[in-house]
Amino acid sequence: EEVVLVNVYDSQEHSSYKQKKSKEGQPIETLVNLSCFLSTLKYGTPFVIVGDMNARIGQLNEPSRSIKHGDTIDALVEGSFNHESYNMTSTRNSEDRTINDRGRKLLDFVAETDLEILNGSTVGDIFGRHTCLKYNGSSVVDYTMVSSSIRQLVDYFKVLNFTNISDHRPTICLFKANITSKAKKVNVPFSVLPPKHIWDPSSSPAEFMLSQNTQDHISECQKVCSQVCSSKEDVKVANEKLIGILTSIANSSLQRNKPLKRRNNRRKARKNPWFDKECIKARISLRKACKQYCESPADAETRDLYYQERKRYRKFIKKKKVPTATLR
């Protein structure tokens, strides 16, 4: 069964890209565009949507009343949809209890496309961990949504630990699937690749031409050209003879590449010589603060400590990178 994977990023309304498009008279409606794309798929094709939606839905899942196909997205485009008329169901858990307008629109889209949100409702993330940790707070804005027809195939969904690389936590989702290979086994012997040669534009053309003009190579080429090919096997033999002639000419006129040396398993020298023991200690300290913040993202003191440590680390590394002048 074919499953379509869609990766989405829905930027904030005040982002420079959306503001630019609005001024040009081409406002960006990510959910509407996404719905139009999904409508081009074959009917019944299951899909998985993963991405940063910048929407907060609290512990809500989707509208409880049934929705006719097409009415929600049209109402969203016209701006006439009344979100208060919906009775939202709380069948999910989430550490983020905030609900905003973008979140309500996302829930309408989920109901329109018959999706199920894995955050906070799946083994591996039963509490709905925060996915975005910033200096001014934490939130759940990164979602993984699957078609209801393949919901039973989800083994688990997990929000991984916070890192100092990004403000967003990575997520992982595992599906149950029986994959059978339809590839046929082809017993074709692989020939050894011919040696590579070095082509020097200043001298190689002349040497190559001289090698071709030898009597032996000329007579061999004439034999190949005079051969009549009446089957695939004859063509294969003639092709191998021609390759052999060209290889012989290249071997006699061109230099060969040197064979690759075996890799040395010894530990290579540090790429950045300025990254000394002090930098390593500073990085360890930052990772400890990062781990504490990951364990308690709602704690304001832990959050402030992490961002202070990260600011201190970046400033320290920047100072280390600057080459010091040597006095003579």
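Since we're looking at a predicted model, the values are computed, not measured.

A.B. asks: Just checking my understanding: could you explain the nonpolar core for this structure?
C.D. replies: A general feature of soluble globular proteins is that nonpolar side chains tend to end up buried together. In this structure, Ile49, Met53, Leu106, Phe109, Tyr143 and Met145 are the most contacted members of the largest nonpolar core, which totals 21 residues. If you list the elements that add at least two residues to this core, you get strand E1 (4-9), helix H2 (30-39), strand E2 (47-52), helix H4 (101-112), strand E3 (115-117) and strand E6 (142-147). For this core, the leading source of residues is H4, giving four residues. Non-local contacts of Tyr143, meaning those with residues more than four positions away in its chain, are made with Ile49, Val50, Gly51, Met53, Ala55, Arg56, Ile57, Leu106, Ile117 and Asn119. Residues Leu286, Cys290, Tyr313 and Ile317 belong to the second largest nonpolar core, which totals 14 residues.

A.B. asks: Looking at this structure, how should I read the pairing of E6?
C.D. replies: For a regular strand, the rule is simple: side chains alternate between the two faces of the sheet. Extensive coverage of E6 is indicated by the burial of six of its six residues. Bridge analysis of E2 against E6 gives five bridges, and the strand direction is antiparallel. Looking across to E6, one finds that Asp52 is bridged to Asp142. Summarising the sheet, E3 and E6 pair through three bridges and their orientation is antiparallel.

A.B. asks: Is there a simple way to explain the sheet that holds E1 in this structure?
C.D. replies: Adjacent strands of a sheet form backbone hydrogen bonds with each other and so pair up, either parallel or antiparallel. Within the open sheet, the four strands sit side by side as E1-E2-E6-E3. Their pairing is mixed. Of all strands in the sheet, those with a lone pairing partner are E1 and E3, marking the two edges. Taken over all neighbouring pairs, the strand axes of this sheet differ in orientation by 20° on average, direction set aside. Sheet strands touched by H2: E1 and E2. Its angle to E1, the strand with the most contacts, is close to 165°. Its contacts with the sheet place H4 against E2, E3 and E6, and it is angled at close to 135° to E3.

A.B. asks: Explain the side chain of Asp10 here, please?
C.D. replies: Assignment of secondary structure puts Asp10 in the loop between E1 and helix H1 (16-23). Residue class for Asp10 comes out buried when judged on its relative accessible area of 7%. A polar contact is formed between the side chain of Asp10 and the side chain of Lys18, at a distance of 2.8 Å. Here Thr30 takes part through its side chain, which lies 2.8 Å from a polar atom of the side chain of Asp10.

A.B. asks: Just checking my understanding: could you explain unusual backbone geometry for this structure?
C.D. replies: Among all residues save glycine, negative phi is the norm, and among peptide bonds the norm is trans. Not every positive phi belongs to a glycine, and Asn54 is a case in point at roughly 50°. Within the secondary structure layout, Asn54 lies in the loop between E2 and helix H3 (71-78). Given a relative accessible area of 12%, Asn54 falls into the buried group. The phi dihedral of Asp114 is positive, around 60°, even though this residue is not glycine. In this fold, Asp114 is placed in the loop between H4 and E3. We classify Asp114 as partly exposed; its relative accessible area is 48%.

Criteria and cut-off values
Residues numbered from 1 in each chain as written. Predicted model: local features only at pLDDT ≥ 70, side-chain atom pairs only at ≥ 80, totals over all residues. Heavy atoms only, no water. Core = buried A, V, L, I, M, F, W, Y, C linked by side-chain atoms within 4.5 Å. Buried < 20%, exposed > 50% of the residue type's maximum accessible area, 1.4 Å probe, protein only. Helix = DSSP H or I, 4+ residues; strand = E, 2+ residues; numbered from the N terminus. Contact = heavy atoms within 4.5 Å. Pairing = 2+ DSSP bridges. Axes fitted to C-alpha atoms, helices over the stretch in contact; angles between N-to-C directions. Polar contact = N/O pair within 3.5 Å; in protein donor to acceptor, adjacent residues only side chain to side chain.

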